[in-house]
Amino acid sequence: MQLIKGSISRFISTPAFQSLFFLMISFFIFSAKVVAQTNKITLSGLVKESKGKEGIPYVNVALKNAKDSSFVLGTITNEEGRFTMADVKSGNYNLEISYIGFQSKTQPVLVGQLSAFLDLGNIELDRDSRVLDAVTVTSAQASGVSDKMDKKSFSIADNVSQAGGSVLQAMNNLPGVTTSQDGKVQLRGSDKVAVLIDGKQTALTGFGSQTGLDNIPASAIDRIEIINNPSAKYDANGNAGIINIIYKKNKQEGFNGKIGLMTGLGALWQKRENLPGIRPQYQRTPKINPSLSLNYRKNKVNTFLQGDWLYTETLNRNEFTTRFYDNGDIVQQQAKRNRNTSYATVKTGVDYNINSQNSLTVSGFFNREKIIDRGDIPYFNNDLSKRNRLWQFLEDEVKYTVTATVGYLHKFKQPGHSLNINYNYTWHREDEKYFFTNIMPTFTGQDAFAMLSDEYVNDFTVDYVRPLKHGRFEGGLKFRLRSIPINMQFFPGLNSPIDFQAGGFAEYRETIPAAYGNYVYESNKFELEAGLRMEYVRVDYEVNPNHNTYKSDGYTYTQPFPNVRLAYKLNDNNKVSFFYNRRVDRPNEVDIRIFPKYDEPELLKVGNPALRPQFTNSFELGYKSNISKGSIYTALYHRIIDGTITRIATQVPGSTILYNVFQNAGRSYNTGAEVVLQQNISKAFSYNASANVYRNRINSFSVVNRYPVPSVYTSETDNATSGNVKLNGLFHLPKQVDVQLTGIYLAPDIIPQGRIGSRLSVDLGIKKQVQKGKGELFLNGTDILNTLNIRKDIKGNGFRYETVDYYETQVFRLGYSYKF
């Protein structure tokens, strides 16, 4: 506890925190007017005879306003004595129950803000007058930031400036989210984020570390949920939280759908010229994305089909690096990668309502991603007067993903009382080939490697929900079997620099049974959500026994992952919440993969089979206020990470080659403050703004990189304060025209072994409704000022290097869609 207090005290004293605190106060002053928001829930109950305990049919049930006794809703019980009232708004009511031959009863009902379904329980009628105790009823509210303050939800349709782009680009505009060049999402400065699709982990976005987000078309997505403090019902991985990507799925009666087409150009202007003697950078790179969504619903059956094809050419990397060695050597280099990507997806399925209480969903998903990379990496002396080497490569990679899901939902007679059973099967293949040309002053060599990887995942889940008088109970089971056999073969050429003895086979196997329980309670002033998830994990990694460095390895653990949320309601519109949860980040297969990657031959990346999970304890204090036509959310958070996973670069004595290997760096801390404001100023203008400032600290540590030979790296304690600010302004102009302007600033930050510089970008989008609202035209541009570059300074034992990546960030798109 003293450690937490000390970290927060040091953080509060920083100028960055003081600036953010001033910004929070300004937001509060600007947003002083407070009004109530409306919520809608479903009430249910069972009316019984007190003596025989049998349900009484056709009892009159009326809900009246507690203030003036005005009638709100009415119904009668069914043959079993059950009643249901839907679409009840938050507030105080009186429930009146009457039936001929029985004494009428009235009881107060408070509608809260947590559960979408509430069970009022058994209500017994007899000939004696007896008033039942007050019953607390709660509801859920949908807004940008949920009333529980554990989740933010954003519609893709509202993101005008990123329409037609990828999911990764769309996320870049969301409050509290940043994105990295290598296609990863960061929450509050951490990329340890679990990415789900429709609430499930898939190979498309990664079962461990996230992947593939830069190629998923945003046109296929309905909305994105950001969950900073997940409950026990979610898998325990992802210390920074969860991002849930919800695909579009229309449930309108009859036949309907949507067709769309997007085209665009990127890299219109060259940010920096190539070093001498290499192939040209991609410029004016084309993009095209046709999409189709179909839905047919009639009676008990709902069928859906969604297809997307995305083709892009991209200047994927254009990194200029200067390396300085302690012996005086200096190397100037450029790593340029021109990429062609074609990405096709088809998602289809059937919802069958067997009857009013049972339904079955069968769905399938297919994805094919084809990537062609053409790279040039020249190496010069300091003044560029002598080229020491030119490394060129061609990467030909094809990825396939197939998922099949069967889901059964049973709804008990009590509304909201449900049992959900799901089975999900995933197959994912990576077929990757690299061809290298190693041009040296005295010879030219030809090298190659081929890799084939298949991933098989079986997930079985059971989820149970039971509404209670004062909240609900959730519980469930999950069982996962996952295996990834992989085969890597090297084909060395003349004077090859490739370590062909590091090839061969490997297999990753993972078994995870888990169980969870989660309880939600609400009273007039307090809310409690407490849960516990227990996971047993066994990971085995079998490697080629002839590998020159690594041997087979693995780990097991049985660990509890608790979560607690305690809230106090100051009034109907203001709430303070405290969160605690414990999470884990398990190394993914690529993190421990034993094969070196040669797309950059003097800065090699290789995995580490001895890598272990990192565990995180998170604390957060949050405040939410529903303000006039909007809301404001502020939070202070602190994370303690044990076994921090990071890449460490080391130098082999007598060589300029650097080896980047994943390691557990010991304990680190992340302390910060966040504010998110959403406001509708008028019918013509609305905006959302977010500011996040945090301080990262990594304790001193020492590790040994064992590939290709043991090399020790030692680091002193390192600290840095960073943050980001985002502003999204949406203008609603006449003739159904919307304009969105987005500004993003990312402050300098600490990264493994160094620093990353500040980044700034501005996005602009215009959207117009046509054809009586059925059609939509859009034009947008990302990084319209072409200012976004990635600058890094890295230090190691015996070397340091400075790098700036002028990769493609500016893209202009034009698109059209039509609903029918």
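Residues numbered from 1 in each chain as written. Predicted model: local features only at pLDDT ≥ 70, side-chain atom pairs only at ≥ 80, totals over all residues. Heavy atoms only, no water.

1. As for the overall build of the chain
Line of reasoning, step 1. The helix and strand inventory of the chain stands at 4 helices and 45 strands.
Line of reasoning, step 2. Taken along the three principal axes of its C-alpha coordinates, the chain extends 105 × 60 × 55 Å.
Line of reasoning, step 3. In the chain, which comprises 820 residues, the share counted as buried stands at 55%.
Line of reasoning, step 4. Taking the contacts inside the chain whose residues are at least 6 apart along the sequence as the reference set, 69% of them involve residues at least 24 apart.
Line of reasoning, step 5. About 34,000 Å² of surface is accessible on the chain, with carbon and sulfur atoms providing 57% of the total.
Line of reasoning, step 6. Across the chain, 96 positive and 77 negative side-chain charges occur, with their mean positions spaced 4 Å apart. (Helix = DSSP H or I, 4+ residues; strand = E, 2+ residues; numbered from the N terminus. Buried < 20%, exposed > 50% of the residue type's maximum accessible area, 1.4 Å probe, protein only. Contact = heavy atoms within 4.5 Å. Areas by Shrake-Rupley, 256 points an atom, 1.4 Å probe, with all protein chains shown as cover. Lys, Arg positive; Asp, Glu negative; His and termini not counted. Charge placed at Lys NZ, Arg CZ, Asp CG, Glu CD.)

2. Side note on the environment of R368
Line of reasoning, step 1. Relative to the helices and strands, R368 is located in strand β19 (residues 358–380).
Line of reasoning, step 2. You can call R368 partly exposed: its relative accessible area is 31%.
Line of reasoning, step 3. Distance in space between the C-alpha atoms of R368 and Q663 is 32 Å, their sequence separation being 295 residues.
Line of reasoning, step 4. Ignoring any residue separated from it by four or fewer positions in sequence, one finds R368 in contact with S342, Y343, A344, V398, K399 and Y400.

3. Digging into the side chain of N244
Line of reasoning, step 1. As for its placement among the helices and strands, N244 is situated in strand β14 (residues 241–247).
Line of reasoning, step 2. The class for N244 is buried, based on a relative accessible area of 6%.
Line of reasoning, step 3. A polar side-chain atom of N244 sits 2.8 Å from the main-chain amide nitrogen of G199. (Polar contact = N/O pair within 3.5 Å; in protein donor to acceptor, adjacent residues only side chain to side chain.)

4. Thoughts on the sheet that holds strand β1 (residues 40–49)
Within a sheet, adjacent strands bond to each other through the backbone by hydrogen bonds, running parallel or antiparallel.
Line of reasoning, step 1. With respect to topology, 3 strands assemble into an open sheet ordered β4-β1-β7, the strand pairing being mixed. The sheet is open, and its two edges are formed by β4 (82–89) and β7 (117–125), each paired on a single side. Ignoring which end each strand starts from, the neighbouring axes of this sheet average 25° apart.
Line of reasoning, step 2. In terms of strand pairing, β1 meets β7 through 7 bridges, oriented parallel. Across the sheet, K48 pairs through a bridge with E124, a residue of β7. (Pairing = 2+ DSSP bridges. Axes fitted to C-alpha atoms, helices over the stretch in contact; angles between N-to-C directions.)

5. Section: the confidence of the model for the chain
Line of reasoning, step 1. For the chain, the average pLDDT comes to 86, and 90% of its residues sit at 70 or higher.
Line of reasoning, step 2. Counting contacts from residues 19–38, a segment whose pLDDT is below 50, to residues more than four positions away or on other chains yields 44 contacts.
Line of reasoning, step 3. Contacts of residues 129–143 to residues separated by more than four positions or lying in other chains number 62 contacts, the stretch itself having pLDDT below 50. (pLDDT = per-residue confidence, 0-100.)

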